[in-house]
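# Structural overview for review
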Amino acid sequence: MLPSLELNSEYINLLPPKEEHKLLKQEVLNVSGSNPGDLYCLLEGDTVFTAKTLNAVQQVLDELSSLEEVKKPLSPFAFITVQKKGTRLSTLPLSPVQEGNIWTEEDARVFKQRLQADEIAKGLLSTEDGNALLFQVALKEKRTDQAEVHRKIQDIVNSLSSYAEVSLIGTPLFEDRVLFYLSHDLNRLLILCMAVIVLLFYLAFRSKRAVIIPFSLSLIALVWTLACMVLLGYALTVVNIIVPSMVLILGSSYAIHVLSEYYRSLTADATKEDRNQQIITSVTKISKTIFGACLTTIVGFLSLLVCELEAFKELGIAVSLGIFFCALLSMLYIPALLSILPTPKRKDLRTFTHGPIARMVHALSLRSVRSWPLAIILFAALITSFTFTKQQVKIETDYLTYFPKNDQLIAQSIEFAQKIGGSDPHYITLTAPGNEKNYFLRPDVLQQVYAFEEELLRSNEDITHLLSFSRYVAFLHSVHQGSFAIPDTPGLLLTLSRLLVVVSKQMDHPILSSLISEDGSRITLTIRSFDSRYNSWESLESVQKLQQSIMEATHLLPDNLAIDDWGVGVDALRMSRSIAEDQNRSLLLSLVLVLLIVMIQFKSVKTGFFALVPTLTGIMGNYLFMYLLDIPFDVVTIIFASVTVGVGVDAAIHFLLRFRSRQAEHPALPYEVVVAQTLEETGRPILLTSSALILGLLVLLFASFLPIRYFGLLLSFALLVTTFATLFILPSLMIALHKLSAKSRKRP
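Now for a look at the structure at hand. (Residues numbered from 1 in each chain as written. Predicted model: local features only at pLDDT ≥ 70, side-chain atom pairs only at ≥ 80, totals over all residues. Heavy atoms only, no water.)

Take the overall build of the protein chain next. The helix and strand tally for the protein chain stands at 23 helices and 9 strands. Sorting the 748 residues of the protein chain into buried and exposed places 58% on the buried side. For the protein chain, contacts bridging at least 24 residues in sequence account for 80% of all contacts bridging at least 6. (Helix = DSSP H or I, 4+ residues; strand = E, 2+ residues; numbered from the N terminus. Buried < 20%, exposed > 50% of the residue type's maximum accessible area, 1.4 Å probe, protein only. Contact = heavy atoms within 4.5 Å.)

The next thing to look at is the packing of aromatic side chains. One pass over the structure, following the stated rule, counts 18 aromatic pairs. Ring centres 4.4 Å apart and planes at 20 degrees place the aromatic pair Y427 and W566 in the stacked group. Of this pair, Y427 sits in strand 6 (residues 426–431) while W566 sits in strand 9 (residues 562–567), and the two are 139 residues apart along the sequence. Across this residue pair, the class does not change: Y427 and W566 are buried. An angle of 15 degrees between the planes, with centres 4.2 Å apart, marks the rings of F625 and F717 as stacked. You can see F625 sitting in helix 20 (residues 605–629) and its partner F717 sitting in helix 23 (residues 706–746), a full 92 residues away along the chain. Classification of F717 by relative accessible area gives partly exposed; the value is 24%. Taken together, F49, F77, W103 and F111 form an aromatic cluster joined through their ring pairs. (Phe/Tyr/Trp six-rings, centres within 6.5 Å; stacked < 30°, edge-to-face > 60°.)

Another point: the sheet that holds strand 1 (residues 38–44). The antiparallel open sheet is built from 3 strands, whose spatial order is 4-1-5. With one partner strand each, in any of the chains shown, strand 4 (133–138) and strand 5 (165–169) form the two edges of the open sheet. In this sheet, adjacent strand axes meet at a mean angle of 15 degrees when their direction is disregarded. Relative to strand 4, strand 1 is paired through 6 bridges, and the arrangement is antiparallel. (Pairing = 2+ DSSP bridges. Axes fitted to C-alpha atoms, helices over the stretch in contact; angles between N-to-C directions.)

To continue, consider the packing of helix 20 against helix 21 (residues 640–665). Axis separation between helix 20 and helix 21 bottoms out at 8 Å; the angle between their running directions is 140 degrees. Between helix 20 and helix 21, the interaxial angle falls into the category oblique. Of the two elements, helix 20 crosses helix 21, and the hand of that crossing is right-handed. Each of T607, F610, A611, P614, T615, I619, N622, Y623 and M626 in helix 20 lies in contact with helix 21, whose residues at this interface are F640, A641, T644, V645, G648, V649, A652, L656 and R660. For the contact of helix 20 with helix 21, the class distribution of residues is 12 nonpolar, 5 polar and 1 charged. (Parallel < 35°, antiparallel > 145°, perpendicular 65-115°, else oblique. Left-handed = near helix turned anticlockwise from the far one by under 90°. Nonpolar A, V, L, I, M, F, W, Y, C, P; charged D, E, K, R; others polar.)

These figures capture arrangement, not role.
Okay, here's the thing in structure tokens:
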């Protein structure tokens, strides 16, 4: 079953586009939902416009056209331009060479001249200066061997590298890189997580069984989890690629609790019957902690079910299943193994109870009780800092930033975007009031649209190229009348629009026919952008800026037009808003549910709020950490708060359970003494489980994708803070509130 677990490289469509935008894409671009995307090849250099290079380009285009997996490439060779003959306009190919003939240097000179004179071809099939060539390869339906198709195209295109500088980019290639990094990270992170678990357990217990038992438990739980993912039809994506690592890491924490309790209650000279009874006693005693920790962690992950992104829901379910398996195995599998293994050696038990970790925990417990006012001050300072930084952390959905910075494809894509704009354009579709036919063939209407476009270009420096029906008409008018403008007479406008239809049919490509619908009731503007501030073709700020420019220029358009702006950038902006809302919903839900669970478990409202103190401290600390290091929220890090709620509360539950038990056993002891004794008893398992979680999560720093690295760093830091809060801030608040309560009782 496990070999059938798939890797899904579709990261752009984590949040599917709106249904109306999907329909627009199909109608305007004539592209189905299963279309894998287009590839763009840019040729640059001093020898591009030579007969030798153009002959090689023609051969490459012929080879690409012969592939059954691709559509006919859009290239300058297939583009139709116009010229004036007498008082009429006539069409002619940009290429002076007929199919099957050989290019000459004179042909190359004429071709370059025509290309540089065509204002539409420049920026669309060349750079704005007309000194480079660009052709577009449209892929057909997505196949199971899509990566092999891409490699075939790359091999063909790379044959041009001896003639010019070649750049091949496009969404399909990004998905190939995602697939490569996912498979690479899956193996590497699993191996590193396993190594961390083995090392940590050996150092903590100095015993082979303490390594074999938790390691085998995590491995079994992982296999079961992956099998469930296969049964549920889940694939590993850039979001849930962390599932295997999370199961391994979290599973080990339950094993630590069981083994710690076992080592604490065991005597070296116990008989087999006594040892079995001690195993039962240990597991029974720790079961409340494991049950509470398991339930709250599952609630933290299942809170992701309220998210809009399907990938978050799958992550929540998959990790929750893994947590359940780990908890179940810790209560059944570990006791079974311990019962058949020999009793630990006396020196191992003494190391556990009197070793360096035990001495450190003793010192920490005393320090925590004595320094409670300082912990309260630190907590108050953190709350103040969180209030300031909460709204300062930005959200990042630009997928270029997710890849390693030294990735060659990323470097090529940024260079491409600087010269041409991004490979994923921004579209603006204008629809006539009441879908009136031939509405955009009216001179007054088209002049207003043209003024709208000019204002966009004037006000927004990010726009590198704009293609539209009005600009094509203005280009035809410039060839015919000498001025780049919209004609004043309906007759001339109609003539020019008919010429566009002729050109579109001769090209046999939807690039120009997509500019206006057949009935003239809808036009679409295609915009390419590059954001030099963030060195990306369309950052969220760039999309927002373009939408702001559209809004501010809307008054130039005719009244009652329907305006739809759509494309990958718009989807990314919607996803950024969605993941922010997802975080707020899932965080609030997880906090409320965890609070209810703890309140029910302890039958105390006050204890429920006490349990949330370390978790809230960790979340607030992380906001400050993200602000100081300029770490953004993204498709993975956005879930850290919900995960922190589920995982960070475990140590607090363990501490509070033992505190209540010890207080019931020794009611005469002073409150501070009970707190100190509880810290000394629970400190070791809390430190060990936290260390296992933190070190295991830090393994994610070796991931290829930046969001996964950030997630490992942020959750590690959050758990570090929650551990500190459990051992210092929570006891300090308890002592402070106890003292206030005692004073109030003494008042008359």
